[in-house]
Amino acid sequence: NKTLQFSQQLLQKAEKEENLEQKGFALKTIASTYLYNKHFNRAESAFNTYLTFAEKSGNLEQKIIAYVFGGDLYFSLNQPKTAFDYYQKATDLVKNIDNDVLRETVYVQFSKMLAMTEQYDKVIAIRQQALSLLESKQIDSTYTEEEKREGLRLANFILSQTYQQIENIDSARYYQDQVIKTIKEDDTCSYYLVYFNEAEINYLEKDYESAKENYNRALTNCPPNYGLFDLNMAYRFGRIDHDLQNY
């Protein structure tokens with residue numbers, strides 16, 4: 001309720017000052033708030049208002065952000081065809097702007113959708129494109145070396161995971177090696193990602209003892225704190241014992 005209240009106040013202020021960026025932010029926040037609280041009819045109505053504004057604004061970035069939100073919204077509404085169309089619109093437009101962060105966001109969101117429909121060749125092409133953007137991005141006052149390292153770590157991890165989905169172990173290992181290169185010796189929490197991904201590759205190689213060992217190593221290095229994590233890891237250990245016929 002407070003979010004909606006402040007968003008409405010911001011919207012009124014932005015309209016009075018003719019600030020298109022703030023108006024777009026306010027309209028998106030209203031729609032996002034309804035979506036977050038699963039008020040789907042209101043979310044869709046608020047999105048249509050936001051989309052109309054974005055398309056009439058003449059601002060390319062506003063349109064792209066609105067299309068990405070449309071993709072997220074309709075994916076939540078279990079309408080993948082509509083979600084795909086919005087992600088595709090954002091992807092087509094994002095090539096024409098000079099905003100690496102937004103471009104990377106669009107590519108990642110669209111590639112998630114493609115992965116769910118098992119279009120892995122397209123997923124890999126898009127994720128490699130996003131990785132190239134990160135690799136070429138220059139360090140400056142607004143983009144630190146640490147931020148670049150974290151971005152490269154995640155991009156290479158996602159590509160390794162993608163190649164695992166098509167059981168291309170050599171490529172999965174190549175990107176795993178790139179992940180390792182981004183880890184500092186004292187960055188213990190990042191070791192979680194390395195050990196977890198190594199265990200996933202071990203499992204594909206049917207090296208079950210190494211997989212167990214690396215899952216356990218991952219658990220000792222800053223495992224994520226979210227509700228389904230324990231269930232997720234129980235599945236992985238159970239999967240190994242199932243394959244070993246340890247019923």
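Structure shown above.
The model shown is predicted, which means the values in this text are computed figures rather than measured ones.

K.L.:
Summarise the state of the cysteines; cite the residues concerned and give the values.
P.N.:
Summed over all chains, the structure comprises 1 disulfide. Put simply, Cys189 and Cys222 are joined by a disulfide, and their sulfur atoms are 2.0 Å apart. Since a negative S-S torsion denotes a left-handed disulfide, the Cys189-Cys222 link at about -60° is left-handed. Taken together, the residues span a long stretch of sequence, with Cys189 in the loop between α9 (169-181) and α10 (190-204) and Cys222 in the loop between α11 (208-219) and α12 (229-243) at a distance of 33 residues. Taking the relative accessible area as the measure of exposure, Cys189 reaches 42% and is therefore partly exposed.

K.L.:
A description of the pattern of salt bridges should follow, citing residues and the corresponding values.
P.N.:
Summed over the entire model, instances satisfying the criterion amount to 12 salt bridges. Its salt-bridge partner being Glu200, residue Arg239 comes within 3.4 Å of it at the nearest N-O pair. Of the two residues, Arg239 sits in helix α12 while Glu200 sits in helix α10, which places them 39 residues apart along the sequence. Judged by its relative accessible area of 17%, Arg239 is buried. Note that Asp241 and Lys212 form a salt bridge whose closest N and O atoms lie 3.2 Å from each other. Of this pair, Asp241 sits in helix α12 while Lys212 is found in helix α11, placing the two residues 29 residues apart along the sequence. Residues joined by salt bridges that share partners form a network here, namely Glu145, Glu146 and Arg149.

Rules and cut-offs
Residues numbered from 1 in each chain as written. Predicted model: local features only at pLDDT ≥ 70, side-chain atom pairs only at ≥ 80, totals over all residues. Heavy atoms only, no water. Disulfide = S-S within 2.5 Å. Helix = DSSP H or I, 4+ residues; strand = E, 2+ residues; numbered from the N terminus. Buried < 20%, exposed > 50% of the residue type's maximum accessible area, 1.4 Å probe, protein only. Salt bridge = Lys/Arg side-chain N within 4 Å of Asp/Glu carboxyl O.

Honestly, it's all geometry; don't read function into it.
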